[in-house]
Each structure stands twice: as structure tokens, then as C-alpha cells.
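Residue-level structure breakdown
What follows is the residue order along each chain.
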Amino acid sequence: MKKFVNDPLKYVPDMLKGIALANPDTLCYVPEYNLIMRADAPNDGKVSIVQGSGSGHEPAHVLTVGKGMLDGACPGDVFAAPPMDYVYETTKLLASPKGVLLLVNNYTGDRMAFDMAQEMSLADGVKVRTLFIDDDVSVQDSTYTVGRRGVAGNFFVMKAVGAASEAGADLDEVVRIGEKVNAVTRTMGLALTACTPPAKGSPLFELGDDEIEIGVGIHGEPGRRRAKIEPSDALVDELLEPVVADLPFERGDRVALMVNGLGGTPISELYIAYGHAHESLAAKGISVARSYVGEYCTSLDMAGASITLVRLDDEIEGLLAAPAEIGLRIF
């Protein structure tokens, strides 16, 4: 597999160095802890928002550091939770008088690292809380999970708590908002191909030329079932129906709709998927008030997509509409 990689063991540090050099006025890089942080952080007037998780899901989370979003991100290696000391040191560096909120995608390694870091930070007198994100409807429990996984829906939690923090909300209020958004967010994805971690050099799992994995995890975890490839509209239905049914979303709801690429799917195909999802929701009496199409939480070079719905009210919609300035700039 051909890739722009030097030493696979330096894949993450090389990436983080590039991000910092591309954004010298707004971001700082602390290589000891794989930390990308806002240049103006910590800010005494706001709660600091931090997320970690494994690398390989970019732009989540290192490219969502900036005003109105994260104050810092300390990823681990590809598909690996950050070491506890990375999270602990990051929490101390970003400690604000208003506190720190740690956002955690719901995976065993991430939970352990962040729980231990929170406990040690509290012992040091840092005001810190943890919020677990679990928007994936594909699984409830399995040998691969500790409940529902946190996947692309984490973007909406980051955006809402980042906006609330930027507006001066206290830690309890920021946590309330994050929990509220997580509770009304649902996601499901499918893979058309496997991904190839740099250190492995070969696909993480095998799919036949005519096969897809429905409900796949963003680290390549098995999904609900393996099936034959179908036209786009049928694939969208495979994802949308379980998402709609899970909350459930109902006639009269206003929603945010995200079609998220997993890393190897052209934007044109994501818009094909979005068009059918939008029309299908309209036929159910569900109104799409906010639209998101692109790559928000990927799995390296995996071809595939996920669909996320968020049930909106005036508070959540206002927070999602708040301005943000992050390192992911294309114009």
C-alpha cells in the first residue's frame, strides 16, 4: 500500500508537527504529550474542552482545536487510546479556574485513560469532569465494546460544548449541554473497504470485491452483518432506518443530518447519499434544518460512510450555529 509515510512509528508526531507548522498563529504543539492546543489556552474566562482518542480519525480531533471547539487534543497512536499521562498532563496544562471538560469516545482504552487522568487531576486540585459519547446504534454490547461506541456524532457534542464554553458557561452547564446533545444523537456506518494502518501495511480486515460491512466500527470492528454491495439508495436505507428507529425520530422533528465519509469515499458519492437521506427523512415528515456533508470522523483510508441524526431544539440549533475558528482551512 503506497502512502506518504516516513517511519510508521513516527506517523502521529510527523502529522502533529505538520498541523502546528500550518497553523502557527492559532495552535501550539507539545510533542511530549502528542498535544495540539489553542495558542491562547488556557483562558481564565472559559471552561477548557479537551478530547483525545486514537489517531487515524482526522479531522477528529486534532483538526477541531480552535475557538468555539476544542481547546486541546492529545491523541494516542493510530486506533490506540492516548496514554493516561498524556491526558493527565494535558488536563493540567489546560486547567482553567472555570474547569476542564474531558470528552471521551466510549471505548475501553479511552475510558480507562481518561478516568485515571481525571482522578489524578482532581487530587491535584484541578476542577475537571468527564463526558462519554456513545452515539453508534450498531451495537449495544459486544466483545469489542463497553456499550455503544462514540463515532461521528462526537462532532455535535464538541461543537455544542465548545460554543457554550466560549459564551462563558460554567462547568456544570457545559456538561449539561454535552449530555443533552449526546442523548439526541444517533449514528450508523458501513464500510465498502477496509483501512490500512501505517504500521501494519496491509488491510485491517478482508472484504470481497462485492461485499460491505454494515455497522462497522471506526477501528474496523465487525458490524451487524456482512452483505453484498447494493446501489447507493439501498445502502443509505440500511443506515438511515436503524438510526431513525433508535431514538426514535418522529414526524415533526427538526434534525441535523450528517453524511460523514470514512476517509476513502469521494465527496461526490457522499452527496449522492445525502440526497437520498434528505428525501427519505422528508417523506417521514422529518425536517432537515442543518446539513453536514464531508469527512468529520474517519478511519484512515476506509471507503464508506456513516449517517448521523441530531434531534434539534432552539438551544441545540443555536449552539451548532455559533461561529468557530479551527485549523481545518481549505480556502
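Numbers given for residues are sequential positions, taken from 1 along each chain in its written order. Predicted model: local features are reported for residues with pLDDT of at least 70 only, side-chain atom pairs are reported and counted for 80 or more only, and whole-chain, interface and lining totals are derived from all residues. Side-chain measures were taken over the full set of non-hydrogen atoms in the model, leaving aside hydrogen atoms and water.

**Section: the overall build of the protein**
Only DSSP runs of H or I reaching four residues or more are called helices, and only runs of E reaching two or more are called strands; each is numbered from the N terminus. Assigned secondary structure in the protein consists of 8 helices and 14 strands. Here the globule rule is a power law, 2.2 Å times the number of residues to the power 0.38, and the radius of gyration is based on C-alpha atoms. A compact globule built from 331 residues would reach a C-alpha radius of gyration of about 20 Å, and the protein, at 19 Å, matches this within 12%. Each of the three principal axes of the protein carries a C-alpha extent, and together these read 55 × 50 × 40 Å. Three labels apply to residues, based on accessible area from a 1.4 Å probe with only protein chains included: buried if under 20% of the type maximum, exposed if over 50%, partly exposed otherwise in between. A burial count over the protein gives 55% of its 331 residues as buried. Any pair of residues with heavy atoms lying within 4.5 Å of one another is described as a contacting pair. Sequence-distant contacts in the protein: of pairs separated by 6 or more residues, those separated by 24 or more amount to 73%. As displayed, the protein has an accessible area near 13,500 Å², and 54% of this comes from carbon and sulfur atoms. Counted as positive: Lys and Arg. Counted as negative: Asp and Glu, with His and the chain ends omitted from the count. For the purpose of locating charges, the reference atoms are NZ of Lys, CZ of Arg, CG of Asp and CD of Glu. Seen as two clouds, the 29 positive and the 47 negative side-chain charges of the protein have centres 2 Å apart. A 1.4 Å probe and the Shrake-Rupley method give the accessible areas. Residues count as covered only by the protein chains that appear here.

**Concerning the sheet that holds strand β2 (residues 35-38)**
Whether two strands pair comes down to DSSP finding at least two bridges between them. Sheet architecture is open: 6 strands sit in the order β1-β2-β5-β3-β6-β7, paired in mixed fashion. One side of each edge strand has no neighbouring strand; the edge strands of this open sheet are β1 (27-30) and β7 (128-133). For β1 and β2, the ladder comprises 4 bridges, and the chain directions are antiparallel. Its bridge partner being in β2, V30 is matched across the sheet by L35. Most of the contacts of helix α1 (residues 11-22) go to β1, to which it runs at about 150°, and overall it touches β1 and β2. The angle between two axes is taken between their N-to-C directions and runs from 0 to 180 degrees, where each axis is a line fitted to C-alpha atoms and a helix contributes only its stretch in contact.

**Some remarks on the nonpolar core**
Counting 58 residues, the largest nonpolar core has I19, I36, I49, L101, L103, F156 and V174 as its most contacted members. Among the elements of the structure, α1, β6 (100-105), β7, α4 (154-166), α5 (171-183), β11 (254-261) and α8 (314-321) are those that each provide at least two residues to this core. The element contributing the most residues to this core is α4, with 8 residues. Ranked by size, the runner-up nonpolar core spans 28 residues in total, among them L190, L239, L247 and V259. Definition used in this section: a nonpolar core is a set of buried Ala, Val, Leu, Ile, Met, Phe, Trp, Tyr and Cys residues joined via side-chain atoms within 4.5 Å.

**Let's talk about the environment of L320**
Along the polypeptide, L320 turns up in helix α8. Using a relative accessible area of 3% as the deciding quantity, one classes L320 as buried. Residues L320 and I272 lie 48 residues apart in sequence; the distance between their C-alpha atoms is 24 Å. Apart from the residues lying within four places of it in its own chain, the contact partners of L320 are F156, K159, A160, A256, R290, Y292 and L312.

**Regarding the packing of aromatic side chains**
Each Phe, Tyr or Trp ring (for Trp, its six-membered ring) is paired with any other whose centre lies within 6.5 Å, and the angle between the two planes then decides the class: stacked below 30 degrees, edge-to-face above 60, tilted in between. By the definition in use, this model includes 6 aromatic pairs. Seen in terms of ring centroids, F155 and F156 are 5.2 Å apart; in terms of plane orientation they differ by 80°. Their pairing is edge-to-face. A relative accessible area of 0% places F156 in the buried class. Among the aromatic side chains, those forming a connected cluster through ring pairs are F155, F156, Y292 and Y296. Two thresholds decide whether a charge sits over a ring: the Lys NZ or Arg CZ must be within 6 Å of the ring centre and within 35 degrees of the ring normal. The ring of F249 is capped by R311, whose NZ or CZ atom sits 5.7 Å from the centre of that ring.

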